[in-house]
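This is what each chain is made of:
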Amino acid sequence: MMDEMYDGVNAGANEESLRMVSSSPVGNEPVSDEELRPHVLDGFIGQPLLKAQLQLFLDAARKRDVPPDHILLAGPPGLGKTTLAMIVANELGVPIRVTSGPAIQHAGDLASILSSLEAGEVLFIDEIHRLPRAAEELLYIAMEDFRVDVMVGKGPGASSIPLTLPRFTVIGATTREGMLPSPLRARFGFTAHLDFYPHDELEKLITRSAAVLGLPLDDGSAAQLARRSRGTPRIANRLLRRVRDWAVVHELDTVEPDDVVEALALYQIDTEGLDRLDIAVLNAIVTNFNGGPVGVNNLAAMVGEESETVETVCEPYLVREGFMVRTPRGRVATRKAWDHLGLTPPDGAGALS
Ligand SMILES: Nc1ncnc2c1ncn2[C@@H]1O[C@H](COP(=O)(O)OP(=O)(O)O)[C@@H](O)[C@H]1O
Ligand SMILES: [Mg+2]
């Protein structure tokens, strides 16, 4: 089941998967993600508001002794959606069934999962925005009325038998909340929005992960790693593993900040968490297009990448960190981008401050 889920999640993300700073799981990472996953809400780092909300939600369900309402977890990859789903099931002491939108090809696949759920069980549907239409409709009914219509037979003689389900909890995860049809969204009693993590929370997370991996890391090193992690726990853990490789090979007793800087420079990740492609994009805007504006297609051609890669992989982080802005006429490098590249915008260049 797990493999299936991650295959689904990885599909179509090949380009992205090659990058050290990709926020999707790469290679055998689903397995290594597992060892770094906290199992109780207390161990989940950061996101204090969300944790408090979820705590209340779970406490109430436990007191009332009923399965909690359905939960939707929304946010970019690598921020802890799967981890939270596992934590919820663990805190409730119930089994969790894992599937994903892309793994369910026909409504019948979902019907058979639903009809085999035990009372109180958590059904985790990753990438829920990718469920086929017919499965979505089946899911609304199951979530609301705890009923599923099982089709028997084919063609004109087919009939549907309503089957009553025990109460259970759906936890949906999505990176594209906007793609969920509103009737489905409305079936969730609680929606949690995960945000990128600030540096101090990432530092705590890195320190915790280093302890799990048995890697002696000083505070300054955790800070260096946090800066380069793009606000994303999955990236933080991945960079930490590369630093561990470095520590093993160099037989270090403690990892110091310089070790982090050197180890990650080897992977061409700079102080701001920008990698080779991000830098190539900024360089192209600044040197080839005089700071912009430039259309994404021209920009992508200049760095030898698909437009879609530039648009979905580089831009969100560059925009969020204030290195570039999107204007109706195209992409423009900000003053911060020029500074980061060590360049001064000439008079009349498209730099924004
Ligand atoms: N708040 C957190 N505290 C500790 N570890 C976290 C946190 N959020 C994510 N992680 C770790 O980051 C990795 C990716 O998290 P995951 O839940 O798989 O992300 P998502 O499902 O949103 O893509 C896992 O190893 C997970 O344990
Ligand atoms: Mg996940």
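Just so it is clear, the structure is predicted and the values come from calculations on it, not from any experiment.

A.B. asks: Whenever I open this one, the packing of aromatic side chains confuses me. Can you help?
C.D. replies: Aromatic rings considered in pairs are described by the distance between their centres and by the relative angle of their planes. Evaluated as defined, the whole model comprises two aromatic pairs. Judged by centre distance (5.2 Å) and plane angle (35 degrees), the rings of Phe 57 and Phe 190 are tilted. You can see Phe 57 sitting in helix 4 (residues 48–64) and its partner Phe 190 sitting in strand 7 (residues 190–193), a full 133 residues away along the chain. On the basis of an interplanar angle of 85 degrees and a centroid distance of 5.3 Å, the ring pair of Phe 146 and Phe 168 is categorised as edge-to-face. Of the two residues, Phe 146 sits in the loop between helix 7 (133–145) and strand 4 (147–152) while Phe 168 sits in the loop between strand 5 (159–164) and strand 6 (169–174), which places them 22 residues apart along the sequence. Cation over ring: Arg 230 sits above Tyr 317, and NZ or CZ is 4.1 Å from the ring centre.

A.B. asks: Explanation requested: the domain arrangement of the protein in the structure shown.
C.D. replies: Many authors give the size of an interface as the accessible area that is lost as the parts come together. Once the domains are mapped, the protein shows domain 1 (37–193), domain 2 (199–266) and domain 3 (276–340). Each of domain 1 and domain 3 has a C-alpha centre, and the two are 38 Å apart.

A.B. asks: Mind showing me how you'd approach the pairing of strand 9 (residues 330–333) here?
C.D. replies: The pairing of strand 8 (residues 324–327) with strand 9 spans four bridges and is antiparallel. Across the sheet, residue Val 325 finds its bridge partner in strand 9, namely Val 332. Adjacent in sequence and paired antiparallel, strand 8 and strand 9 are bridged by two residues.

A.B. asks: What exactly am I supposed to notice about the sheet that holds strand 3 (residues 122–126) here?
C.D. replies: Adjacent strands of a sheet pair through backbone hydrogen bonds, lying either parallel or antiparallel. A sheet is described by the order of its strands in space; here five strands give the open sequence 2-3-6-1-7, paired in parallel fashion. Edge positions in the sheet fall to strand 2 (96–100) and strand 7, since each of these pairs with one other strand and no more. Between one strand axis and the next, the sheet turns through 15 degrees on average, direction left out of account. Inspection of the sheet shows strand 3 paired to strand 6 by four bridges, in the parallel sense.

A.B. asks: Got a minute to help me understand the pattern of salt bridges in this structure?
C.D. replies: Note on pairing: side chains with opposite charge can pair once their charged atoms come close. Tallying each qualifying case throughout the model produces 18 salt bridges. When the shortest N-O distance is used, the salt bridge between Asp 59 and Arg 62 registers 2.8 Å. Within this pair, Asp 59 and its partner Arg 62 are both found in helix 4, separated by three residues, close to a single helical turn. The partner of Arg 227 in a salt bridge is Glu 272, with the nearest N and O atoms 3.7 Å apart. Note that Arg 227 is positioned in helix 10 (residues 219–227) and Glu 272 in the loop between helix 12 (257–266) and helix 13 (276–288), a separation of 45 residues in sequence. Given the relative accessible area of 22%, Glu 272 is considered partly exposed.

A.B. asks: Which parts of the structure should I look at to understand the UniProt feature "binding site: Mg(2+)" (unreviewed entry) in the protein?
C.D. replies: Under the present numbering, the feature "binding site: Mg(2+)" (unreviewed entry) in UniProt falls on Thr 82. Within the element layout of this structure, Thr 82 appears in helix 5 (residues 81–92).

A.B. asks: Which parts of the structure should I look at to understand helix 4?
C.D. replies: Turn by turn, an α-helix covers 3.6 residues, leaving residues three or four places apart pointing in a common direction. If you check helix 4, its first and last C-alpha atoms are 24 Å apart, about what 17 residues at 1.5 Å a residue would give, namely 24 Å. Looking at helix 4, one finds that the buried residues are Leu 50, Lys 51, Leu 54, Phe 57, Leu 58 and Ala 61. Taken end-on, helix 4 shows its buried residues confined to a sector of 130 degrees, consistent with a single buried face. Set apart from the buried face of helix 4 by more than 90 degrees, the exposed residues are Pro 48, Leu 49, Leu 56, Lys 63 and Arg 64. Backbone geometry just after helix 4 places Asp 65 at a positive phi near 60 degrees.

A.B. asks: Can you walk me through the site of ligand 1 in this structure?
C.D. replies: Around ligand 1 sit 18 residues, and of these Arg 37, Ile 45, Gly 78, Lys 81 and Thr 83 come closest. Between Thr 82 and ligand 1, the recorded distance is 2.8 Å, taken from a side-chain N or O atom to an oxygen atom. Here an oxygen atom of ligand 1 sits 2.9 Å away from a polar atom, N or O, in the side chain of Arg 234. Mapped by element, the contributors of at least two residues to the shell around ligand 1 are helix 5 and helix 11 (233–249). Across the shell around ligand 1, the residue classes tally to nine nonpolar, five polar and four charged. Built from parts of two domains, the shell around ligand 1 gets at least three residues from each of domain 1 (37–193) and domain 2 (199–266).

What counts, and where the lines are drawn
- Residues numbered from 1 in each chain as written.
- Chains lettered and ligands numbered in written order.
- Predicted model: local features only at pLDDT ≥ 70, side-chain atom pairs only at ≥ 80, totals over all residues.
- Heavy atoms only, no water.
- Phe/Tyr/Trp six-rings, centres within 6.5 Å; stacked < 30°, edge-to-face > 60°.
- Helix = DSSP H or I, 4+ residues; strand = E, 2+ residues; numbered from the N terminus.
- Lys NZ or Arg CZ within 6 Å of the ring centre and 35° of its normal.
- Domains from an automatic or database assignment.
- Pairing = 2+ DSSP bridges.
- Axes fitted to C-alpha atoms, helices over the stretch in contact; angles between N-to-C directions.
- Salt bridge = Lys/Arg side-chain N within 4 Å of Asp/Glu carboxyl O.
- Buried < 20%, exposed > 50% of the residue type's maximum accessible area, 1.4 Å probe, protein only.
- UniProt positions renumbered as here; feature names shortened; annotations may be inferred.
- Expected span 1.5 Å × (residues − 1).
- Arc of directions from axis to C-beta.
- Near = heavy atom within 4 Å.
- Polar contact = N/O pair within 3.5 Å; in protein donor to acceptor, adjacent residues only side chain to side chain.
- Nonpolar A, V, L, I, M, F, W, Y, C, P; charged D, E, K, R; others polar.

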